Each structure stands twice: as structure tokens, then as C-alpha cells.
Amino acid sequence: MPPAFRRYVTADGFSQFGTQVTRVALPLVALLVLDAGPFEIGLLSAAEMIGFLLFGLPAGVWVDRLRRKPILVTADVLRAVSLASIPIAALFDALTLAQLYAVAVIVSIGTAFFDVAHLSFLPSIVTKEQLPKSMGTLESVRSLAGLFGPGLGGWLVQALTAPIAIVADAVSYMISATLLATVKAKETPSGGRVSLMEGLRYVLGHPILRLIGLGGAMNMFINGIWAIVQPLYLVDELGVSATAYGLMISGAGAGGLLGALLAPRVIARFGHGPTMWGTAVLMLPLNVLVAFTGPGWRLALYPIGMALVFLAGVMFNVAQGSYRQAICPEALRGRMNASLRFLMWGSLPLGGVIGGLLGEAVTVHQLLWIACLGTAAAHLPFVLAPAVRKLKITDDSGREDADAKEDSRA
């Protein structure tokens, strides 16, 4: 891989580790420091993703019009500064839920621009034939962060308190910004006016991308519920410590890491479509296993089940991510990624609000069952679509197998 990609991956590693710390620390700030209930944690989850709903599509326009590297650096700095306000406010005993919501919204806006630019920037520093391996490397980094980051986050919360632990994420974003600023890449932004809706029309008019958007929207809606049920069930209901909570979440990272390592080989052997289809099938029973988590020995079902879920899920993400990057024209890539982010991640705030309301109406264990069955259902569209099993990219230019495309339109 070229030196630019190594810097790009290193920056992503720092960012991902910091994000995993905040993933543990931020809801625990609300739960343990500010005594938030299910609905308030649901609102916090919604605030963390509202940026994709509000700015998901405009972000694609900016990413296709302008150079992507400055957008990445600016978004990292914005997120670092806003997160740093939480420990500062806590030191002066001035932290409130309102500030947590405000910071979550600002960070989500920065993330909306960063994620679209980050995905669209990758093909500027690697070739199309390197995309599956590159996506696998990024997922490996994400999974390593998921394996060790939550445990680190739980330990920092236990040792330093939840607000102070968030310093780690602010620092990680500044390191990421510094590294990305040094990446050399040949970018070809349009520089002129581009249509905001063109990317959305491209995604909705493409049968496989439309399916990815639909399944992703369902999955991210349920992730809004996961953000609530995970701390409430494990910490509040079952009474695990902050350190143990972080370690249990790390189980997902172990499976994700293995999935990221296997994905390029599986895609090379079977193709993008069969990999998506096979991993979607696996997601159905694996999510049900997690739902049986409980006290005593059943507590082990959570990290084991989540490790298996993420093994399949990361393989699925590498397949669909490298597929869509390969087939999309460069001039449209930012808006394509933004449209899919808008369709998928835009549903997460709604899931957070609905999950918060459900959390007030049902038991936390019932909410866990809802989240597990919902995630399984989100993968059903891929299982039931015959075209997905046949889908392949036939050459390095990103051309698709004609038979699969015809089947997908049938």
C-alpha cells in the first residue's frame, strides 16, 4: 500500500480508538453523573446522529465540489474542540444534559462531513483493485479499536470519571487532523455547481445500492435502540462495573477484527454479492443468541454473541463498501456516499427517540429482545433478494455482472 494510505489508516486508528472511549464514556456521563433516564439517554443517542439527517445530503455536495482533505482536517478539529468542553465544564461543576446534547449535535455534524469525505477520499490514494483490501484494513482498524477501546474507556471512567475520560477522544481527533493534513493525494473535485439530488437519484435508481440503503436504514434505526439498551441493561440492570462494561463491549471488536481479516479473501473467492448474502443469513440466528443474555453464566452470551454478530457484520460491510466504491463514478462518489449515509444514518436519531420511549414502557430485557430481533430483520432484504447471491464485479473498472443486474431489476 502507498505511504499516503498508511498515514490515512494511522489517522483513522487514533480517531477510532478515541471514538470507542467516548462510546463508553458519554452515555455513562449521562447515566452516572447526571442521573439520566431511558428517554434522556435516547435523546442523547439521537443527538449523536442528528447531523446525518440534517447535513447528510449537503455534505455530499461539498465533498464533490471541494478537495476532501481540508474537509477531513476541519471536521476533526471541530470535534476535538467541542468534546474538550465536557471535561472542562465538569471540572467547574457546570456540566448539564443540555451541554451534552449540544456537544453531541456538533460532533455529529462534524462526523457527517468527515465520514462522507473519508470514504470518498480513499479511492484517491488506492487503486480500484486495492479497494477490498483497503476496506478490510480500515475495518481491521475499526475492529481493533472496538476490541481494546471500550475496555480502555471503561478503565478511564473508573479511574478518572466519565467526563475526564472524554479527553482521550478530543486528543485522538487532533492527532488524526495532524496526520491527515500530511497525506498526499491526487484529488479531482468538480469545483463547479453540482446537483444535491443527483447522488440520491443514482442510489435510488440502482437496485443494489437501493437495497443497501434500505437495509442500512433499518439497521441504523435499531442501532439507536442499541445505544440505549446496552448501558441500561448491562450497567443498570445487571450491575456490571464500568471496566467490565467496556470489556464486554470489546467482544464485538474481537469478532469484527477476524471478519475484517477474512473479508478480502472471502470476497476474492466468492464475489461481493455472495459474501453479502451469506453474512446476512448468518446475522439472523446470531442476533437471537445475544437476546438470551442474563445474570450469572448467561452474561457470557453477550460478548460471545456480539463477537459472532460483528464477525459477520464486518464482512458484510467490507463487501458492500468496496462494491459501491468500485462501481460509482468519481465525480459522483461524494454524493453517492452522502446519500447512503443520509438514508442509513439519518434513521438513527429516530431510533434513539423511539428506543427511549420504549425504554419507559417495557422492561430493559424486553428492549434487548426488540433490538436483537430488529437487527436480524434488517438483514432479511438481502437474504430474500436473489440478485444479491449472483452479484459480482467482473473487472477492475467496476463493471458489474450483467446477469445479476438484470435479475435485480426483475
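Residues numbered from 1 in each chain as written. Predicted model: local features only at pLDDT ≥ 70, side-chain atom pairs only at ≥ 80, totals over all residues. Heavy atoms only, no water.

1. A word on the overall build of the protein chain
Then, number 1: Tallying secondary structure elements over the protein chain gives 18 helices and 0 strands in all.
Then, number 2: The dimensions of the protein chain, computed from C-alpha atoms along their principal axes, are 55 × 45 × 35 Å.
Then, number 3: Across the 410 residues of the protein chain, 57% fall into the buried class.
Then, number 4: For the protein chain, contacts bridging at least 24 residues in sequence account for 86% of all contacts bridging at least 6.
Then, number 5: Of the charged side chains in the protein chain, 29 are positive and 24 negative, and the gap between their average positions amounts to 10 Å. (Helix = DSSP H or I, 4+ residues; strand = E, 2+ residues; numbered from the N terminus. Buried < 20%, exposed > 50% of the residue type's maximum accessible area, 1.4 Å probe, protein only. Contact = heavy atoms within 4.5 Å. Lys, Arg positive; Asp, Glu negative; His and termini not counted. Charge placed at Lys NZ, Arg CZ, Asp CG, Glu CD.)

2. What to know about the pattern of salt bridges
Then, number 1: Tallied over the entire structure, the rule returns 4 salt bridges.
Then, number 2: When the shortest N-O distance is used, the salt bridge between Arg341 and Asp115 registers 3.6 Å. Of this pair, Arg341 sits in helix α13 (residues 330–345) while Asp115 sits in helix α4 (residues 97–121), and the two are 226 residues apart along the sequence.
Then, number 3: Overall, Arg341 belongs to the buried group, its relative accessible area being 12%.
Then, number 4: Among the ionic pairs, Glu139 bridges to Arg142, the shortest N-O distance being 3.6 Å. Of this pair, Glu139 and Arg142 both sit in helix α5 (residues 131–160), 3 residues apart, which is roughly one turn of that helix. (Salt bridge = Lys/Arg side-chain N within 4 Å of Asp/Glu carboxyl O.)

3. Some points on the side chain of Ser140
Then, number 1: Along the chain, Ser140 turns up in helix α5.
Then, number 2: In this structure Ser140 touches Leu257, Ala260 and Leu261, once residues within four positions along its chain are discounted.

4. Here we look at the side chain of Asn337
Then, number 1: Mapped onto the fold, Asn337 is located in helix α13.
Then, number 2: Residue classification places Asn337 among the buried residues on the basis of a relative accessible area of 0%.
Then, number 3: A polar side-chain atom of Asn337 sits 3.2 Å from a polar atom in the side chain of Arg324.
Then, number 4: Apart from the residues lying within four places of it in its own chain, the contact partners of Asn337 are Val116, Leu119, Ser120, Arg324 and Gln325. (Polar contact = N/O pair within 3.5 Å; in protein donor to acceptor, adjacent residues only side chain to side chain.)

5. Things to note about the confidence of the model for the protein chain
Then, number 1: Across the protein chain, the average pLDDT comes to 85, with 94% of residues at 70 or higher.
Then, number 2: When the criterion is pLDDT under 50, residues 402–410 qualifies, and its contacts beyond four places in sequence or with other chains add up to 10 contacts. (pLDDT = per-residue confidence, 0-100.)

6. Side note on the nonpolar core
Then, number 1: Counting residues in hydrophobic clusters, the biggest one holds 63 residues, and the most contacted among them are Tyr8, Leu122, Ile125, Leu209 and Ile212.
Then, number 2: Counting residues per element, this core draws most heavily on helix α12 (residues 301–327), which supplies 9 residues.
Then, number 3: Not counting chain neighbours up to four residues away, the residues in contact with Leu122 comprise Phe5, Tyr8, Leu131, Ser134, Met135 and Leu138.
Then, number 4: Ala25, Leu26, Ile166 and Ala312 belong to the second largest nonpolar core, which has 57 residues in total. (Core = buried A, V, L, I, M, F, W, Y, C linked by side-chain atoms within 4.5 Å.)

7. A word on α12
Then, number 1: Here α12 contains 27 residues, and its C-alpha end-to-end distance of 39 Å stays within 8% of the 39 Å for a straight helix at 1.5 Å per residue.
Then, number 2: Here α12 lies mainly inside the structure; 22 of its 27 residues are buried. (Expected span 1.5 Å × (residues − 1).)

8. Comments concerning the packing of α5 against helix α10 (residues 242–270)
Then, number 1: It is at 7 Å that the axes of α5 and α10 come closest, and there the two elements cross at 170 degrees. Relative to α10, the element α5 is oriented roughly antiparallel. (Axes fitted to C-alpha atoms, helices over the stretch in contact; angles between N-to-C directions. Parallel < 35°, antiparallel > 145°, perpendicular 65-115°, else oblique.)

9. Quick notes on the packing of aromatic side chains
Then, number 1: Inspection of the entire model under this criterion finds 5 aromatic pairs.
Then, number 2: Aromatic pair Phe316 and Phe382: ring centres 4.8 Å apart, planes at 80 degrees, arrangement edge-to-face. Pair noted here: Phe316 is in helix α12 and Phe382 is in helix α16 (residues 380–383), with a separation of 66 residues, a long-range link.
Then, number 3: Given the relative accessible area of 3%, Phe382 is considered buried.
Then, number 4: By way of ring pairs, the aromatic residues Phe5, Tyr8 and Phe121 are connected into one cluster.
Then, number 5: Over the face of the ring belonging to Phe114 we find Arg79, whose NZ or CZ atom lies 4.4 Å from the ring centre.
Then, number 6: Across from the ring centre of Phe270, 4.8 Å away, lies the NZ or CZ of Arg269, which sits over that ring. (Phe/Tyr/Trp six-rings, centres within 6.5 Å; stacked < 30°, edge-to-face > 60°. Lys NZ or Arg CZ within 6 Å of the ring centre and 35° of its normal.)

10. Notes on unusual backbone geometry
Then, number 1: At Asp93, a residue that is not glycine, the phi angle is positive and equals roughly 55 degrees.
Then, number 2: Overall, the relative accessible area of 75% leaves Asp93 in the exposed class.
Then, number 3: Positive phi values are uncommon outside glycine, yet Thr161 reaches one of about 85 degrees.
Then, number 4: Its location among the elements puts Thr161 in the loop between α5 and α6 (162–165).

11. Observations regarding a nonpolar patch on the surface
Then, number 1: On the surface, a nonpolar cluster with roughly 250 Å² of combined accessible area is contributed by Leu53, Leu54 and Phe55.
Then, number 2: Take Leu53: it is sitting in helix α2 (residues 38–65).
Then, number 3: Residue Leu53 is classed as partly exposed on the basis of its relative accessible area, which comes to 38%. (Patch = residues over 30% accessible without salt bridge, like charges linked within 9 Å, V, L, I, M, F, W, Y side chains within 5 Å. Areas by Shrake-Rupley, 256 points an atom, 1.4 Å probe, with all protein chains shown as cover.)

12. Brief notes about the packing of α2 against helix α14 (residues 348–361)
Then, number 1: Relative to each other, α2 and α14 sit at 175 degrees, their axes nearing to 7 Å. Regarding the angle of α2 to α14, the classification is roughly antiparallel. When α2 is examined against α14, the residues Pro38, Phe39, Gly42, Leu43, Ser45, Ala46, Met49 and Ile50 are found in contact with a partner set consisting of Leu348, Pro349, Gly352, Val353, Gly356, Leu357, Gly359 and Glu360.
Then, number 2: By residue class, the composition of the contact of α2 with α14 is 10 nonpolar, 5 polar and 1 charged. (Nonpolar A, V, L, I, M, F, W, Y, C, P; charged D, E, K, R; others polar.)

13. Digging into α5
Then, number 1: End to end, α5 covers 40 Å across 30 residues, agreeing with the expected 44 Å (1.5 Å per residue, within 8%).
Then, number 2: Phe148 marks the point of greatest bend in α5, at about 35 degrees, and the proline Pro150 comes within the next four residues.
Then, number 3: Downstream of α5 by a residue or two, Thr161 has a phi angle that is positive, lying close to 85 degrees. (Bend = angle between axes of the 7 residues up to and from the residue.)

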